[in-house]
Amino acid sequence: MAADNLKNCECQLVINVKNQGGDIVQESITSNITEDTITLEFQRPEGTLITQFVDFRSEVQIFRVLVLGEEERGQSQYQVLCFVTQLTKNDFISADAMSKLRQRNPGAVRQPEEDRGRELLEMDLSVELDKSSVISPHLPNLCEEATHSAYAREVDLRSWASPKALSRDIVTLTSNCLSLSHLPTRPFAI
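On a predicted model such as this, the values are computed, not experimentally measured, just so you know. (Residues numbered from 1 in each chain as written. Predicted model: local features only at pLDDT ≥ 70, side-chain atom pairs only at ≥ 80, totals over all residues. Heavy atoms only, no water.)

1. Digging into the overall build of the protein chain
Then, in step 1: Looking only at helices and strands, one finds 5 helices and 12 strands in the protein chain.
Then, in step 2: In the protein chain, which comprises 190 residues, the proportion classed as buried is 39%.
Then, in step 3: In the protein chain, once contacts between residues fewer than 6 apart in sequence are set aside, the share between residues at least 24 apart is 55%.
Then, in step 4: Surface summary for the protein chain: the accessible area is close to 11600 Å², and the carbon and sulfur share equals 47%. (Helix = DSSP H or I, 4+ residues; strand = E, 2+ residues; numbered from the N terminus. Buried < 20%, exposed > 50% of the residue type's maximum accessible area, 1.4 Å probe, protein only. Contact = heavy atoms within 4.5 Å. Areas by Shrake-Rupley, 256 points an atom, 1.4 Å probe, with all protein chains shown as cover.)

Below, the structure written as structure tokens:
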């Protein structure tokens, strides 16, 4: 019975991480075995909230970035941006394995074992969220506040539409969810 409860729940792990600048950031990692997803969330020192959502079934990862506005500059309270990329499965442990992680000392400050540097991705397509569930069923809800600021790469679109990729075809993807008018490139660093 306990195993059944574990398979139908979200398991959360909160860790303290020291970043390269010496700041201590609290990261929350949530694993959902039923949906086969992982969510990693943290807040940067200046207030930006970063959510990395990994959908193993759809082979998609979604970065949701909530940027606080600056009132003195007349900006709104916040802006939400979403970036959708193809998942590289070898970069993550499974949702099931993640749900079983525990830590002996929850207050300990962790440091990354390796520095993978930054990866710069050029987002050249705009995603229409009301039709984006063909990419991932989680995308419309996760990015609902990024109505005009959700982006993807053409190379990922082509990969998702390949014959081996989850039975999606490029016509369906392009007609349903992506604005193929190429945008000025939106660099995004991971």
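Moving on from the model shown.
2. Topic: the nonpolar core
Then, in step 1: Among the nonpolar cores identified, the biggest contains 16 residues, and Ile62, Val84, Leu129, Leu139 and Cys143 are the most heavily contacted of them.
Then, in step 2: Ignoring any residue separated from it by four or fewer positions in sequence, one finds isoleucine 62 in contact with Thr51, Gln52, Phe53, Phe83, Val84, Ser136, Leu139, Leu142 and Cys143.
Then, in step 3: In this structure, Leu13, Ile29, Leu40 and Phe56 belong to the second largest nonpolar core, which totals 11 residues. (Core = buried A, V, L, I, M, F, W, Y, C linked by side-chain atoms within 4.5 Å.)

3. Here's the deal with the confidence of the model for the protein chain
Then, in step 1: For the protein chain, the mean per-residue pLDDT works out to 78, and 79% of the residues sit at or above 70.
Then, in step 2: Taken element by element, the predicted model of the protein chain shows its lowest mean pLDDT in helix 1 (residues 2-7) (45) and its highest in strand 4 (residues 49-55) (95).
Then, in step 3: Scored below 50 in pLDDT, residues 1-7 makes 4 contacts in the model with residues more than four places away or belonging to other chains.
Then, in step 4: Across residues 180-186 the pLDDT falls below 50, and counting only partners more than four positions away or on other chains, this stretch makes 18 contacts in the model. (pLDDT = per-residue confidence, 0-100.)

4. Re the side chain of arginine 64
Then, in step 1: Positionally, arginine 64 belongs in strand 5 (residues 60-68).
Then, in step 2: Residue classification places arginine 64 among the buried residues on the basis of a relative accessible area of 12%.
Then, in step 3: Those residues in contact with arginine 64, other than ones at most four positions away along the chain, are Leu49, Ile50, Thr51, Val80, Leu81, Cys82, Leu142 and Glu145.

5. So, the state of the cysteines
Then, in step 1: The tally for this structure, following the rule as stated, stands at 1 disulfide.
Then, in step 2: The residue that forms a disulfide with cysteine 82 is cysteine 143, at a sulfur-sulfur distance of 2.0 Å. Classification of the bridge connecting cysteine 82 and cysteine 143 rests on its S-S torsion, roughly -100°, and on that basis the disulfide is left-handed. Within this pair, whereas cysteine 82 is found in strand 6 (residues 78-86), its partner cysteine 143 is found in the loop between helix 3 (139-142) and strand 10 (150-152), the two being separated by 61 residues in sequence. The burial state of cysteine 82 is the same as that of cysteine 143; both residues are buried. (Disulfide = S-S within 2.5 Å.)

6. Some thoughts on the pairing of strand 2 (residues 24-32)
Then, in step 1: Most of strand 2 sits out of view: 7 of its 9 residues are buried.
Then, in step 2: One ladder, built from 9 bridges, connects strand 1 (residues 10-18) with strand 2; its direction is antiparallel. From the neighbouring strand, glutamate 10 faces strand 2, where its bridge partner is asparagine 32.
Then, in step 3: Where strand 1 folds back on strand 2, the antiparallel hairpin that results is connected by 5 residues, among which glycine 22 adopts a positive phi of roughly 90°.
Then, in step 4: Relative to strand 3 (residues 37-43), strand 2 runs antiparallel, the two sharing 6 bridges. From the neighbouring strand, isoleucine 29 faces strand 3, where its bridge partner is leucine 40.
Then, in step 5: In this antiparallel pair of consecutive strands, strand 2 and strand 3, the connection spans 4 residues, and aspartate 36 shows a positive phi of 60°. (Pairing = 2+ DSSP bridges.)

7. Points about the pattern of salt bridges
Then, in step 1: Evaluation of the coordinates by the stated rule reveals 4 salt bridges.
Then, in step 2: Among the ionic pairs, arginine 44 bridges to glutamate 46, the shortest N-O distance being 3.6 Å.
Then, in step 3: When the shortest N-O distance is used, the salt bridge between arginine 64 and glutamate 145 registers 2.9 Å. Residue arginine 64 is located in strand 5, and its partner glutamate 145 is located in the loop between helix 3 and strand 10; the two are separated by 81 residues in the primary sequence. (Salt bridge = Lys/Arg side-chain N within 4 Å of Asp/Glu carboxyl O.)

8. Comments concerning the environment of serine 58
Then, in step 1: Note that serine 58 resides in the loop between strand 4 and strand 5.
Then, in step 2: Serine 58 gets classed as buried once you look at its relative accessible area, which sits at 10%.
Then, in step 3: Between the C-alpha atoms of serine 58 and tryptophan 160, which are 102 residues apart in sequence, the distance is 8.7 Å.
Then, in step 4: Side chain to side chain, serine 58 and aspartate 55 meet in a polar contact 3.1 Å long. (Polar contact = N/O pair within 3.5 Å; in protein donor to acceptor, adjacent residues only side chain to side chain.)

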